[in-house]
Amino acid sequence: MAIPGNLLSSTTETIDPNTSGWTPKLNCTIGLGVGGRTGGGGCLSVRSVAAGEMQARTVSSYPVTAGTVYYAFSDTAGVVGERIGIRWLNSSGTEISITWSLTTMASSSGWHRVSVAGAAPAGTVTAQVLLSSTEVGVTVSHYWENVYLGLPLRTTGNLLPFNTESTEVDASGWAAVVNATVTRQVPVMNWAVTNYLAGGHTLAVTAVAAGNASVLAVDHPTVTPGVEYLAYAYLQPPVLTSQAWIELRFYDAVGNQVGVQRSTLAPPATTGMYRQRASMVAPANAATCSVAAGLDSASAGQVLRLETVVVVTAPSLQAGSVLPYADASFEQGVAGWATTTGVATLARTTPWGSSFFDGAYALAITSATATASTIRSAKFPVTAGVNWRAQAIAHPAAGSWSSVLVRVRWYNASNVDLGASTGNAYTLPGSSWYALASDATAPAGATQAAMELVATASAINSVLHIDQIALWQVLPLTAVEALDDDGYIVLTLRELPVDDYTITIYRVGQDGSRTLVRGASGLIDRQLITSDLLIAQDHEAPIGVPVYYRVEIRSTDDTVNAVRTSASVTITLADINEAWLKDPGNPQRNLKVVVQQAPDWTRPIDQAAFVVRGRRNKVVLSGMRQGLEGDLAVWTRSDAERQSLHLLLNSGNTLLWQANPGMGVDDMYVNVGQIAEARTGKLAQDVWRAWTLPLTEADLPATTGMNGPAGRTWQDILTEFNTWQDVRDTFATWEDVLLNRRG
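Residues numbered from 1 in each chain as written. Predicted model: local features only at pLDDT ≥ 70, side-chain atom pairs only at ≥ 80, totals over all residues. Heavy atoms only, no water.

K.L.:
Help me understand the overall build of the chain in this model?
P.N.:
Each helix and strand in the chain was counted, giving 7 helices and 52 strands. Split into buried and exposed, the 743 residues of the chain put 48% on the buried side. Across the chain, contacts joining residues at least 24 apart in sequence account for 73% of those joining residues at least 6 apart. For the chain, the accessible surface area stands at approximately 32200 Å², while carbon and sulfur atoms represent 52% of it. Across the chain, the 46 positively charged side chains and the 60 negatively charged ones have centroids separated by 4 Å. (Helix = DSSP H or I, 4+ residues; strand = E, 2+ residues; numbered from the N terminus. Buried < 20%, exposed > 50% of the residue type's maximum accessible area, 1.4 Å probe, protein only. Contact = heavy atoms within 4.5 Å. Areas by Shrake-Rupley, 256 points an atom, 1.4 Å probe, with all protein chains shown as cover. Lys, Arg positive; Asp, Glu negative; His and termini not counted. Charge placed at Lys NZ, Arg CZ, Asp CG, Glu CD.)

K.L.:
Explanation requested: the packing of aromatic side chains in the structure shown.
P.N.:
Any pair of aromatic rings gets described here by the distance separating the centres and the angle formed by the planes. Evaluation of the coordinates by the stated rule reveals 17 aromatic pairs. Among the aromatic residues, those joined into a cluster by ring pairs are Y71, F73, Y148, F162 and Y196. Cation over ring: K582 sits above W580, and NZ or CZ is 5.4 Å from the ring centre. (Phe/Tyr/Trp six-rings, centres within 6.5 Å; stacked < 30°, edge-to-face > 60°. Lys NZ or Arg CZ within 6 Å of the ring centre and 35° of its normal.)

K.L.:
Help me understand the nonpolar core, please; the structure alone is not making it clear to me.
P.N.:
Note on soluble globular proteins: their nonpolar side chains tend to be buried together. If you look at the biggest cluster of nonpolar residues, it comprises 38 residues, and the most contacted ones within it are F250 and L306. Going through the elements one at a time, β14 (202-207), β15 (211-217), β16 (228-236), β17 (243-251), β19 (274-281), β20 (288-298) and β21 (303-313) are the ones with two or more residues in this core. For this core, the element with the highest residue contribution is β20, accounting for 5 residues. Among the nonpolar cores identified, the runner-up in size contains 34 residues, and Y434, M451, A457 and I469 belong to it. (Core = buried A, V, L, I, M, F, W, Y, C linked by side-chain atoms within 4.5 Å.)

K.L.:
Help me out: how do you make sense of the sheet that holds strand β13 (residues 180-185) in this one?
P.N.:
Hydrogen bonds between backbone groups are what pair the strands of a sheet, and the pairing can be parallel or antiparallel. Strand order in the open sheet made by the 5 strands is β13-β14-β21-β16-β19, with antiparallel pairing throughout. Of all strands in the sheet, those bounded by a partner on one side alone are β13 and β19. Pairs of neighbouring strands in the sheet enclose a mean axial angle of 30°, with direction left out of account. With 7 bridges joining them, β16 and β21 adopt antiparallel strand pairing. Bridging across to β21, Y229 finds its partner in T313. (Pairing = 2+ DSSP bridges. Axes fitted to C-alpha atoms, helices over the stretch in contact; angles between N-to-C directions.)

K.L.:
Explanation requested: the pairing of strand β35 (residues 488-493) in the structure shown.
P.N.:
Taken residue by residue, a regular strand's side chains alternate between the two faces of the sheet. Where burial is concerned, most of β35 is hidden: 6 out of the 6 residues are buried. Side chains Y488, V490 and T492 project from β35 onto one buried face, and the interleaved I489, L491 and L493 project onto a second face that is buried too. Looking at chain direction, strand β34 (residues 478-483) and β35 are connected through 6 bridges and run antiparallel. Along β35, the bridge assignment pairs E481 with V490.

K.L.:
Explain the pattern of salt bridges to me, please; I cannot follow it from the model alone.
P.N.:
A side chain of one charge can pair with a side chain of the opposite charge if their charged atoms are brought near each other. Evaluation of the coordinates by the stated rule reveals 32 salt bridges. Between R389 and E495 there is a salt bridge, with its nearest N and O atoms 2.2 Å apart. Of this pair, R389 sits in strand β27 (residues 387-398) while E495 sits in the loop between β35 and β36 (501-508); the two residues are 106 residues apart in sequence, bridging distant segments of the chain. On the accessibility criterion, R389 (17% relative accessible area) is buried. Through salt bridges with shared partners, one network takes in R514, D525, R526, R550, E552, R554 and D558. (Salt bridge = Lys/Arg side-chain N within 4 Å of Asp/Glu carboxyl O.)

K.L.:
Mind showing me how you'd approach a nonpolar patch on the surface here?
P.N.:
Side chains of W714, W724 and W734 sit close together on the surface and give an oily, nonpolar patch of about 450 Å² of accessible area. Tracing the sequence through the fold places W734 in helix α7 (residues 734-739). We classify W734 as exposed; its relative accessible area is 57%. (Patch = residues over 30% accessible without salt bridge, like charges linked within 9 Å, V, L, I, M, F, W, Y side chains within 5 Å.)

K.L.:
Even after reading the chapter, I still don't get unusual backbone geometry, so can you show me in this structure?
P.N.:
Comment: phi is negative for the bulk of residues other than glycine, and the bulk of peptide bonds are trans. Here D16 and P17 are connected by a cis peptide whose omega angle stands at 10°. Its location among the elements puts P17 in the loop between α1 (10-14) and β1 (22-26). For the bond from T350 to P351, the omega torsion is 0°, close enough to zero to count as cis. As for its position among the elements, P351 is in the loop between β23 (345-348) and β24 (363-367). Even without a glycine there, the phi angle at A335 is positive, about 55°.

K.L.:
Teacher, can you tell me more about the environment of T447 here?
P.N.:
Structurally, the position occupied by T447 is in the loop between β31 (434-441) and β32 (448-457). For T447, a relative accessible area of 31% gives the class partly exposed. Between the C-alpha atoms of T447 and L346, which are 101 residues apart in sequence, the distance is 27 Å. Excluding its chain neighbours within four sequence positions, the residues that come into contact with T447 are F380, P381, V382, Y411, N412 and A413. There is a polar contact of 3.1 Å between the side chain of T447 and the backbone nitrogen of A413. (Polar contact = N/O pair within 3.5 Å; in protein donor to acceptor, adjacent residues only side chain to side chain.)

K.L.:
Help me out: how do you make sense of the environment of T345 in this one?
P.N.:
Along the chain, T345 turns up in strand β23. On the accessibility criterion, T345 (47% relative accessible area) is partly exposed. When the C-alpha atoms of T345 and G614 are compared, they prove to be 106 Å apart, with 269 residues separating the residues in sequence. Non-local contacts of T345, meaning those with residues more than four positions away in its chain, are made with A364, I365 and T366.

Here you go:
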């Protein structure tokens, strides 16, 4: 699969099936190597002609915009360090300059990442990627693959800008706080081939003298009080005994620190890169935030490296859960959990990655005796009279446990205990991770709730690990809603199984006919489930006809694991003189128009007639009769409708025409030929227009996906652009903003 946004062709990116995208530039020959990381197995072999630096470059030069930051990376392997560069060219193809990465600190024959980013200089029109290494002998090969050139790749939703997240341009996004210098280094890092967010440069925090050392991100993005935020970064400590940490800090409007949450890394047996997380709810007087990192009790000259530094709104591990991330995932400690009865002790599992279901840590419950202990969370807001589900993911790590009871304890606004739910008790037969859930309705007067786990050990020194805890209002597993004004149905599916399951969604008509529903990747047929919540918009549901939805969930062997059906729902169209014209792949362009006259249909057929001597009747050979063809006459009633119809028709895509039942036409996919737009009267100010749309019946477009924002939010716009003028200069329309389609 091609790297998203890559300006390079697939062949140039993967060097499969050949090296046609590359050419020697200095002191080298090139050839097709084997053992590449991407699907085809090929890689670029750059071989030295003589000892010294050798360079290869892309054959093509790629259009770029002066002043815009571009990013390049590649995976590489060899016997010496290497670097990657972006070569900037003017309109005549003359080199303006080259932006080089730092050289890798060591060599490695294993695949590792190098990268660089920089702004295209004034006068730049095109750019090339350069690959460089300085070999110490003749006919020495260096290998390259998985090459990218394009706009910076950054974490969606990150409040920090690209250079602070990645340090690919320079280290200016960071400042020393105490006893530290800030530089960049390129250690040998073997990232996953599809981890496109991880680059080659890392932020290097060097302790000037013995003692504590720390740095702080220069950027202070705006936050909203009361919202929980999550900061994370890959940390590489210098030695296993290092106390490396990351902090999420909050500041008021004048820059005073008003909140901080530290999360300390518990490194495993090797000093690799480990993602450490810290989360906190922004205090009431918080205006901005930042990220700090450092070493406690460092020796002089020790280096802490950071990669992929992110601050985002904290994710919910379960849609609708009222538990904060810290209390649900235990990445920085035990949060608000405590033992209320019994001998159990609580701690975060250690080291990093030793036991977890989410993130890198879990809650470790240790019972020194074979007795029961009650473990209770902090209190969280709930609504009385509705059903709530408490769930914990549990893993018996040592000893044995005869039962684990999951229940909810309710409280009113004055913190008066209203009692606990009955709960569900579970036995844990093995050492896997088990989902333990319990449903209960909040009693009258309840405004708060705490989760309780009553864990009964059946052996001394038993250990139970708990992770990904959630408490959420249980809504219908399957819900449908018709949005008449917008002409579509919203299907909401909750509590779907994730990983290794696929989903198929059918729209079922009155006659029992099934039609696949369209999603972002085309018709939703055996698509991998990646989230427990799926919201599908069915813009192709018929008008005025009741339909329902059938959902099939399959396991990896294609066996139907579960089937859901929704309630019936009907979209209405109030004015029978109106009809919908829809673009299945771009529903934001859908438009209601007034029908002047429905088509008079023709159905062409290919025929050949032959006169046979001595025979009265001709012999006629016919092909299959074709679909309907005819002219649809419609009106638009305003300049906005006229512009919208032009936008809808501009692409030439297959459209869907829908009218009310009883109008003598069925829903029909059509291709629109040469259109005619005429005025309805002689006054120039009259905004009505009469349109003639030549329609040719078409098949349902099976492979067309529904365009959408793909997770982008306004936060991404605020992070990436300083002013609204920058947005206007980058995007031609609001649709381009929605789809991140840059000019």
